Amino acid sequence: MSQATGARFEFHNLTKVFGGLVAVNDVTVEAVAGGITGIIGSNGAGKSTVFNLISGFYKPDAGQVLLEGQDLTGRQPHEIAAAGVGRTFQNIRLFQGMSVLDNVRTALHRSLDYNVFHALLRLPKIRSEEKRAEEAALEALELVGMLEAKELTGSSLPYGLQRRLEIARALAMKPKILLLDEPAAGLNPGEVADLVNLIRSINAKLGLTILVIEHHMDLVASLCQKVFAMNFGQVIAGGTLAEVQNDPAVLEAYLGKGASHA
Amino acid sequence: MSDYYTGLLVFTCVNIIVTAGLYLLIGGTGLVSFGQAGFLAIGAYTSGLLTTRLNWPFPLGLTGAIVFSMLVGVAIGYPTLKLRREYFALATMGVGEAIRALISALPNFTGGSVGLPGIPQKTTAWVVLLLTVVSIVLVRNYLKSKFGRNALAIKTDELAAKAIAVNVFAQKQIIFAITCGLSGLAGALLAHYITYIDPSMFDWNRSAELVTIVFVGGLGSLTGGVTAAIGVALLPEVLRFANEARFLVYSLVVLLVIIYRPGGLFGNYELSWQSLARIWRKLTGGARKEGAA
Ligand SMILES: Nc1ncnc2c1ncn2[C@@H]1O[C@H](COP(=O)(O)OP(=O)(O)OP(=O)(O)O)[C@@H](O)[C@H]1O
Ligand SMILES: [Mg+2]
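Computed from a predicted structure; not experimentally measured. For every chain, the first residue of the written sequence is number 1, and numbering continues from 1 onward in sequence order. Think of it this way: whatever chain is written first is A, whatever ligand is written first is 1, and the rest follow in order. The predicted origin of the model limits local features to residues at a pLDDT of at least 70 and limits the giving and counting of side-chain atom pairs to 80 or more, whereas totals for whole chains, interfaces and linings rest on all residues. Just so you know, side-chain values use all the structure's heavy atoms and leave hydrogens and water out.

S.K.: Explain the overall build of chain B to me, and be specific about the residues and the numbers.
M.R.: Comment: elements are numbered from the N terminus, with helices defined as DSSP H or I runs of at least four residues and strands as E runs of at least two. The number of helices and strands found in chain B is 13 helices and 0 strands. Ordered by position from the N terminus, the helices and strands of chain B form the series α-α-α-α-α-α-α-α-α-α-α-α-α. Burial status follows relative accessibility: with a 1.4 Å probe on protein chains alone, a residue under 20% of its type maximum counts as buried, one over 50% as exposed, and anything between as partly exposed. Taken over 293 residues, chain B has a buried fraction of 51%. Note on definitions: a residue-residue contact is assigned when non-hydrogen atoms from the two residues lie within 4.5 Å. In chain B, the proportion of contacts linking residues at least 24 apart, taken out of those at least 6 apart, comes to 82%. Residue burial considers only the protein chains on display, and all accessible areas are found by Shrake-Rupley using a 1.4 Å probe. Summing over all exposed atoms, chain B offers an accessible surface of approximately 13,700 Å²; the carbon and sulfur share of this is 68%.

Right, here's the structure in full:
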């Protein structure tokens, strides 16, 4: 299941304009291959919009998205996901009403080797393929430590587990890179610590290239090898967290607003 | 079987077949088609014309009806399945009426509003029963596969479905094609039973009735849809003394369901061999076997 080296991922000069608002302005980021890259910035800085541009939910007005040198710019979301971009959402988006196991199993559809006609006739092949899907789903659940919860309904879970389930669902696709949009939002300090361990272990076990948007600086500090700070749609600094935190532009942006997200 | 009961069986099964397909669409993707009567008409006229004008045999007529309905479904689905749910409902309503208008407008070809008589009577009790069971099994199999999970994912959260690489549009196209194919089959079976069809049989009320059946049965239950389809087919018989009261009773049933069982009569309950076995055990006194694996 593990990869020797993490996928190279970068995007150049991404720009998105909503009406008159330049939500993302000429943003260039090169992720740490096989490592964890952080994106920080105040509310409305354009972080989630960057993820939506990468994953195809918004069409960029300019710029280029490259996964292992393959140009993903302007493709449909499902094509981008199929190319190896897994993601979670800032507001958790589970398949409500489905069991935990089925939430993950659904994400395995591309690896199941049967077509509509096989399905309609329920040929014997389906049984073995579905068995394989269940095993793969259980494997993904084990990875996030949620095996015991497999029968429960996704939406009945506490917040922290819902976030884990969303990660497991993305991992089931066997993505090359994983985008996490504020995975620690709404979690208590204990849950945040668990999440840090989880992300670290996923990164270590799978050698997965991870991009994470986060306000929790302790999470960023303990996970990210490289950090990009955004403000008003632009990247104002990039480097190690220490470098970024001492960058004049960042100090100016944070102090200027009189608010920090510690 | 007397003609009366055969007729009742055919009408009931026609309802079940359309409902199975429509359930797949509504229960699967959340899209509601208000134009299925139009696809019944396409099936009825395709097979009716093929068997009367070209003397095709009945099985080929049925096949032609299914295939042509599916093709029209794909053609209609292409521009409409990307629309928001509300607009899809409106668009299909228009399509249903347009199909009916088109049939009326081509008297030389279809018999127009006078209708198409002399369709060979080929739909027997056994044929219709067999095809009904096959239709239900096909829909059930679809829902039990990865395609069923994809559909449920689309219905629950289209964005999240896209994020796990589900091609939402393609999945909707497949489902709508199946829905329309089954409607076409049902229409053809109907035509080959009543031997005479005219456009007024496939009006908007019919489409609305079919949607009502699925909602009353429950969006999470094929069993519910099938039961409701049987109910709606038998209701006119029960209420024969007062045909006018029929729509009153319909409306009342729908209202009561909305108020007391918003998830439909059956909610998410699905009849299965296990549940049948459970019922059987209860009926036979509940002699329970323990520890048998
Ligand atoms: N679909 C949209 N239409 C119009 N404006 C949008 C849209 N999506 C985002 N925006 C605007 O773009 C800007 C950036 O939003 P974005 O959600 O990317 O910020 P963010 O950095 O993720 O903030 P937060 O930390 O609050 O999540 C905001 O001003 C937002 O209102
Ligand atoms: Mg955001």
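S.K.: How would you summarise the pairing of strand S1 (residues 9–18) of chain A if you had to cite specific residues and measurements?
M.R.: A regular strand carries its side chains on alternate faces of the sheet. All names here are of chain A. Taken together, the 5 bridges between S1 and strand S4 (residues 62–67) define a ladder with antiparallel strand orientation. What sits directly across from Glu 10, in S4, is Leu 66. One requirement defines pairing of two strands: DSSP has to find at least two bridges between them. In terms of strand pairing, S1 meets strand S2 (residues 21–30) through 6 bridges, oriented antiparallel. Along S2, the bridge assignment pairs Lys 16 with Val 24.

S.K.: I'd love a proper account of the environment of Lys 125 of chain A, names of residues and values included.
M.R.: Residue and element names in this part refer to chain A. With respect to the element layout, Lys 125 can be found in helix H5 (residues 124–143). Owing to a relative accessible area of 32%, Lys 125 belongs among the partly exposed residues under this scheme. Sequence separation of Lys 125 and Ala 249 is 124 residues, and the distance between their C-alpha atoms is 59 Å. Excluding residues that lie within four positions of it along the chain, Lys 125 makes contacts with Asp 113, Tyr 114 and His 118. In the analysis that follows, any N or O atom pair within 3.5 Å is treated as a polar contact, provided that within protein one partner can donate a hydrogen and the other can accept it, and provided that, for residues neighboring in sequence, both atoms belong to side chains. At 3.4 Å, the side chain of Lys 125 forms a polar contact with the backbone oxygen of Asp 113.

S.K.: Could you give me a rundown of unusual backbone geometry, with the residues and numbers involved?
M.R.: All names here are of chain A. Look at Arg 122: it is not a glycine, yet its phi comes out positive at around 45°. Looking at the secondary structure, you find Arg 122 in the loop between helix H4 (116–121) and H5. If you check the backbone angles, Lys 174 has positive phi at about 55° while not being a glycine. Examined against the element boundaries, Lys 174 turns out to sit in the loop between helix H6 (159–172) and strand S7 (177–181). Of the residues examined, Lys 174 reaches a relative accessible area of 53% and is grouped as exposed.

S.K.: So, the coordination of the magnesium ion (ligand 2): which residues are in play, and what are the values?
M.R.: All names here are of chain A. Because water is not among the atoms used, a metal site may look incomplete, as its donors are only the N, O and S atoms within 2.8 Å, or 3.2 Å for Na, K and Ca. Around the magnesium ion (ligand 2), the donor atoms from the protein are Ser 48 (OG) and Gln 90 (OE1), and they sit 1.9 to 2.1 Å away. Taken together, the positions of Ser 48 in helix H1 (residues 47–54) and Gln 90 in the loop between strand S6 (85–87) and helix H3 (100–106) put the pair 42 residues apart, joining distant regions of the chain. What makes Ser 48 partly exposed here is its relative accessible area of 22%.

S.K.: Mind laying out the pattern of salt bridges, listing which residues take part and the relevant values?
M.R.: Here, a salt bridge means any side-chain nitrogen of Lys or Arg that lies within 4 Å of a carboxyl oxygen of Asp or Glu. By the definition in use, this model includes 10 salt bridges over all chains. Between Arg 149 of chain B and Glu 130 of chain A there is a salt bridge whose closest N-O contact spans 3.0 Å. Residue Arg 149 of chain B is located in helix H7 (residues 146–156), and its partner Glu 130 of chain A is located in helix H5; the two belong to separate chains. In this structure, the salt-bridge partner of Arg 100 of chain B is Glu 97 of chain B, at a minimum N-O distance of 3.0 Å. With a gap of 3 residues between them, Arg 100 of chain B and Glu 97 of chain B both fall in helix H4 (residues 85–105), about one helical turn apart. In this structure Arg 100 of chain B comes out as partly exposed when scored by relative accessible area, which is 24%. Salt bridges sharing common partners tie together Asp 102, Arg 105 and Glu 134 of chain A.

S.K.: Describe the sheet that holds S4 of chain A, naming the residues involved and giving the relevant values.
M.R.: Residue and element names in this part refer to chain A. Read from one edge of the open sheet, 4 strands run S2-S1-S4-S5, paired in antiparallel fashion. Looking at the sheet topology across the chains shown, the edges are occupied by S2 and strand S5 (70–71). In this analysis an axis means a line fitted to C-alpha atoms, helices contributing only their contacting stretch, and an angle means the value between N-to-C directions, from 0 to 180 degrees. Its contacts with the sheet place H1 against S1, S2 and S4, and it is angled at close to 110° to S1.

S.K.: Outline a nonpolar patch on the surface, supporting the account with residue identities and numerical values.
M.R.: A surface patch of nonpolar side chains, about 260 Å² in accessible area, is lined by Phe 18, Leu 21 and Tyr 58 of chain A. Mapped onto the secondary structure, Phe 18 of chain A falls in strand S1. Patch membership is restricted to residues that have no salt bridge and whose relative accessible area is over 30%. Joining uses 9 Å for like charges and 5 Å for the nonpolar side chains Val, Leu, Ile, Met, Phe, Trp and Tyr.

S.K.: I'd like to hear about the packing of H5 of chain A against H6 of chain A, residue by residue, with values.
M.R.: All names here are of chain A. At their nearest, the axes of H5 and H6 sit 9 Å apart, and the two run at 135° to each other. In terms of their interaxial angle, H5 and H6 are classed as oblique. In the crossing of H5 with H6, the sense of the turn from one axis to the other is right-handed. Of H6, the residues touching H5 (which contributes Ala 140, Leu 141 and Leu 143) are Leu 165, Ala 168, Leu 171 and Ala 172. The labels follow the angle: roughly parallel below 35 degrees, roughly antiparallel above 145, roughly perpendicular from 65 to 115, and oblique for the rest. Crossing handedness follows the turn of the near helix against the far one: under a right angle anticlockwise gives a left-handed crossing, and clockwise gives a right-handed one.

S.K.: Quick one: what's the story with the site of ligand 1, residue by residue and with numbers?
M.R.: Residue and element names in this part refer to chain A. Neighbouring residues are identified by heavy atoms, a residue being near a molecule or strand if any of them is within 4 Å of it. Neighbouring ligand 1 are 15 residues, the closest being Gly 44, Lys 47, Ser 48, Thr 49 and Gln 90. In this structure, Gly 46 approaches ligand 1 through a main-chain N or O atom, which is 2.9 Å from an oxygen atom. One of the side-chain nitrogen or oxygen atoms of Glu 182 is found 3.3 Å away from an oxygen atom of ligand 1. Calculation on ligand 1 without its partners gives an accessible area of 640 Å², and the protein chains cover 65% of this total. Elements with a minimum of two residues in the shell around ligand 1: S2 and H1. Charged means Asp, Glu, Lys or Arg here, nonpolar means Ala, Val, Leu, Ile, Met, Phe, Trp, Tyr, Cys or Pro, and polar covers whatever is left, Gly included. Residue classes in the shell around ligand 1 are distributed as 5 nonpolar, 8 polar and 2 charged.

S.K.: Can you break down the interface of chain B and chain A residue by residue, with the values?
M.R.: Contacts between chain B and chain A engage 24 residues on the former and 30 residues on the latter. Carbon and sulfur atoms supply 68% of the area buried between chain B and chain A, which totals about 2,500 Å² over both sides. The largest per-residue losses of area from chain B upon contact with chain A belong to Lys 146, Arg 149 and Ile 164 of chain B, which jointly make up 27% of the total buried on that side. Across the chain B-chain A interface, the total number found is 2 salt bridges. Note on definitions: buried area is the accessible-area loss of two parts on being combined, 1.4 Å probe, summed for both.

S.K.: Mind laying out the sheet that holds strand S9 (residues 226–231) of chain A, listing which residues take part and the relevant values?
M.R.: Residue and element names in this part refer to chain A. As summarised here, the arrangement of the 6 strands in space is S6-S7-S8-S3-S9-S10, forming an open sheet in which the pairing is mixed. This sheet does not close on itself; its edge strands, each paired only once, are S6 and strand S10 (234–239). Looking at each pair of strands side by side, their axes are set apart by 20° on average, direction ignored. The pairing of S6 with S7 spans 3 bridges and is parallel. Bridge assignment links Arg 87 to a residue of S7, and that residue is Leu 179. Set on the sheet, H6 makes contact with S6 and S7; between it and S7 the angle comes to about 160°.

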